[in-house]
Amino acid sequence: MIEIPASGAYSAPGAVRPPSIRWPGSVRRPGTREFERSATDWLFDLAPARWRHEQVFHRNPLHLAHLVRLHLDAEILAVQAGLRALRAALLGAPRRADDTETIEAYLREQTWAKAVREQVGLVEDALHRAHRR
């Protein structure tokens, strides 16, 4: 599992990342002609659908990446809060058959959001480096 600092801090663009973070498969490698387009398409797939109508994000995928990362930060916090509330509600309550499965679903969503957030960070860093050139 990929660990996110408890503070929610995010490393600066260009910072060294743990080797366990994998580049998103549908995003072409930086330096290729298709990199920016594939990164933008992938980021839009992660974003709320209404963001596709914001032309500024089509013109500047770095801003899109930043906002997607913030959106995932909020999702992680929401899942954590939901999990805490669910566990608190289950204390002393009679167990239902799907309680464990529900908790596991929350944990899977949290793991997914953290991993994708790190991938977005990789793409954001690469977009930042590409725009500095």
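Residues numbered from 1 in each chain as written. Predicted model: local features only at pLDDT ≥ 70, side-chain atom pairs only at ≥ 80, totals over all residues. Heavy atoms only, no water.

Counting 22 residues, the largest nonpolar core has L43, L64, V68 and V123 as the members making the most contacts within it. Breaking this core down by element, the ones donating at least two residues are α1 (35-46), α3 (61-90) and α4 (99-132). A per-element tally of this core places α4 first, with six residues. Among all residues touching L64, those that are not within four sequence positions of it are T40, L43, F44, A47, W51 and F57. (Core = buried A, V, L, I, M, F, W, Y, C linked by side-chain atoms within 4.5 Å. Buried < 20%, exposed > 50% of the residue type's maximum accessible area, 1.4 Å probe, protein only. Helix = DSSP H or I, 4+ residues; strand = E, 2+ residues; numbered from the N terminus. Contact = heavy atoms within 4.5 Å.)

Let us look at the side chain of Q110. With respect to the element layout, Q110 can be found in helix α4. Overall, Q110 belongs to the buried group, its relative accessible area being 12%. Discounting chain neighbours no more than four positions away, the residues touching Q110 are V79 and Q80.

All quantities given are derived from atomic positions and should not be read as evidence of function.
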